[in-house]
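Analysis of the macromolecular model
Here's the letter readout for the chains.
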Amino acid sequence: MNWEEYASNALKSFAEVTTAGELAEAHTAWLGRKSELKVGLRNVRDRETGMALNAVRERLEEAFAAREAELERGALVQLDQQLDVTLPGTRLRRGRLHPLTQIRREVEDIFLGLGYEIVDTREVETVWHNFDALSQPLTHPSRSHRDTFYINDDTLLRTHTSTGQIRVMEERQPPIYIATLGRTYRRDTPSPKNTPSFHQVEALAVDRGITLADLKGTLMHFFRAMFGEGRDVRMRTSFFPFTEPSVEFDVTCFLCAGEGCPFCKYTGWFEMGGAGAVDPAVFEKMGYDPEEWSGFAWGLGLDRIAAQRHGIPDIRMFWENDLRVLRQF
Ligand code: PHE
């Protein structure tokens with residue numbers, strides 16, 4: 001083998017190629033594992049030939065690297081000629097979470113920080129879980145077909161997340177600290193403040209010696225985490241058939257921070273939801289001893305919080321999914 005000739009042929013072929021692909025092929029042919037040069041190197045028996053072949057190999061590798069860099073530069077120059085970097089770019093639109101999902105995750109985070117477990121329960125419910133177990137009187141208007149979506153006589157779309165209290169208590173023994181979030185349904189005529197499907201969050205704590213003070217402390221922590229330090233919570237007596245005593249709670253208006261504004265009708269407070277101590281009658285239905293266990297529950301609507309947070313005047317917008325609205329969050 002005339003290695004001088006081999007080398008000059010290799011150099012010629014490196015010089016002739018015009019693309020990176022062709023150059024790679026030439027490298028395989030002249031310097032690859034099966035090339036004559038490499039086979040020759042593997043079969044070398046004496047030091048002198050070995051040194052000579054290695055010198056050829058080094059020369060060729062250098063020439064290859066230089067040609068590679070040259071081709072790369074050429075390609076860049078070409079690209080530069082074709083590409084006008086001063087033209088405006090096309091904007092990539094990023095996906096994002098629906099504002100209601102964002103609120104939902106925020107609420108879940110606060111509960112997780114309090115050591116609560118997030119539990120999902122069903123939207124299609126039995127009448128028993130939605131009304132009977134929660135001591136709703138048979139004659140209460142919310143049971144009527146005009147207010148509630150029935151699937152058949154025993155099955156309905158849940159009208160509140162309080163069903164989650166029952167679902168969890170019938171399966172577990174206290175102590176219980178859970179929150180459940182999700183869709184609820186009522187036959188409301190769509191309006192800026194109502195949609196037939198909406199979202200609620202429900203919290204339930206059952207343990208020994210729980211009082212309304214624990215409820216208030218939890219609410220205060222929750223709303224401060226949600227709306228900022230300095231928010232206060234006010235409880236007013238109310239009635240729910242499954243809590244005793246029952247309260248409705250207000251939170252310092254988050255637009256005016258309690259100063260008074262048109263939004264809170266100059267009261268400084270904003271109505272948030274319902275709560276109370278779990279009624280011993282509910283514990284009895286669940287097989288818990290009301291002498292040993294006590295608890296609190298509270299619930300509120302998420303759609304309105306999201307609307308207020310973002311200054312959305314009409315909660316139907318959350319369902320229309322108009323991208324011009326959604327892209328703002
Ligand atoms: N479920 C009630 C409602 O939808 C709110 C509530 C929850 C009240 C928990 C008391 C305890 O109005």
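This section reports on the structure supplied with the text. (Residues numbered from 1 in each chain as written. Predicted model: local features only at pLDDT ≥ 70, side-chain atom pairs only at ≥ 80, totals over all residues. Heavy atoms only, no water.)

Re the side chain of Q165
Among the secondary structure elements, Q165 is positioned in helix 7 (residues 163-171). For Q165, the side chain forms a polar contact with the side chain of E202, separated by 2.7 Å. (Helix = DSSP H or I, 4+ residues; strand = E, 2+ residues; numbered from the N terminus. Polar contact = N/O pair within 3.5 Å; in protein donor to acceptor, adjacent residues only side chain to side chain.)

Examining the packing of aromatic side chains
Throughout the structure, instances matching the rule amount to 15 aromatic pairs. Centre to centre, the rings of F111 and Y116 are 5.3 Å apart; their planes meet at 50°, and the pair counts as tilted. Each of the two residues, F111 as well as Y116, counts as buried. Between F240 and F242, the aromatic rings sit 6.0 Å apart at their centres with planes inclined by 40°, giving tilted as the arrangement. Judged by its relative accessible area of 24%, F240 is partly exposed. Each member of the aromatic cluster is reached from another via a ring pair, and the members are F111, Y116, Y177, F222, F223, F227, F249 and W298. (Phe/Tyr/Trp six-rings, centres within 6.5 Å; stacked < 30°, edge-to-face > 60°. Buried < 20%, exposed > 50% of the residue type's maximum accessible area, 1.4 Å probe, protein only.)

Notes on the pairing of strand 5 (residues 176-185)
The element strand 5 is extensively covered by neighbouring structure, given that eight of its ten residues are classed as buried. With two bridges joining them, strand 1 (residues 117-118) and strand 5 adopt parallel strand pairing. For E117, the partnering residue across the bridge sits in strand 5 and is I178. The sheet contact formed by strand 5 and strand 6 (residues 197-207) spans ten bridges and is antiparallel. Paired with T184 across the strands is F198, a residue of strand 6. (Pairing = 2+ DSSP bridges.)

Focus on the site of the ligand
Lining the immediate environment of the ligand, one finds 14 residues, of which H160, S162, R186, Q200 and E202 sit closest. Between an oxygen atom of the ligand and a side-chain N or O atom of R186, the distance comes to 3.1 Å. The side chain of Q200 places a nitrogen or oxygen atom 3.1 Å from an oxygen atom of the ligand. The fraction of the free accessible surface of the ligand (330 Å²) that becomes covered by protein chains is 88%. Residue assignment for the shell around the ligand shows that the elements contributing at least two residues are strand 6, strand 9 (269-278) and strand 10 (294-301). Among the residues making up the shell around the ligand, the classes are represented as five nonpolar, seven polar and two charged. (Near = heavy atom within 4 Å. Areas by Shrake-Rupley, 256 points an atom, 1.4 Å probe, with all protein chains shown as cover. Nonpolar A, V, L, I, M, F, W, Y, C, P; charged D, E, K, R; others polar.)

Details of the packing of helix 5 (residues 99-113) against helix 8 (residues 212-227)
In the contact formed by helix 5 and helix 8, the axes pass within 10 Å of each other and the chain directions differ by 135°. Viewed along their axes, helix 5 and helix 8 adopt a mutual orientation that is oblique. As for how helix 5 packs across helix 8, the hand of that crossing is right-handed. For the pair formed by helix 5 and helix 8, the contact residues are I103, E106, V107, I110 and F111 on the first element and H221, F222, A225 and M226 on the second. Grouping the amino acids of the contact of helix 5 with helix 8 by side-chain chemistry returns seven nonpolar, one polar and one charged. (Axes fitted to C-alpha atoms, helices over the stretch in contact; angles between N-to-C directions. Parallel < 35°, antiparallel > 145°, perpendicular 65-115°, else oblique. Left-handed = near helix turned anticlockwise from the far one by under 90°. Contact = heavy atoms within 4.5 Å.)

Examining the nonpolar core
Counting residues in hydrophobic clusters, the biggest one holds 36 residues, and the most contacted among them are V107, F111, F223, F249, M272 and W298. Of all the secondary structure elements, the ones that give two or more residues to this core are helix 5, strand 5, strand 6, helix 8, strand 8 (243-252), strand 9, strand 10 and helix 10 (302-310). Looking at this core, the element that brings in the most residues is helix 8, giving six residues. Those residues within four positions of F223 in sequence are excluded, and the remaining contacts are G228, R231, V233, F249, V251, M272 and L300. Among the nonpolar cores identified, the runner-up in size contains 18 residues, and M169, L204, V282 and Y288 belong to it. (Core = buried A, V, L, I, M, F, W, Y, C linked by side-chain atoms within 4.5 Å.)

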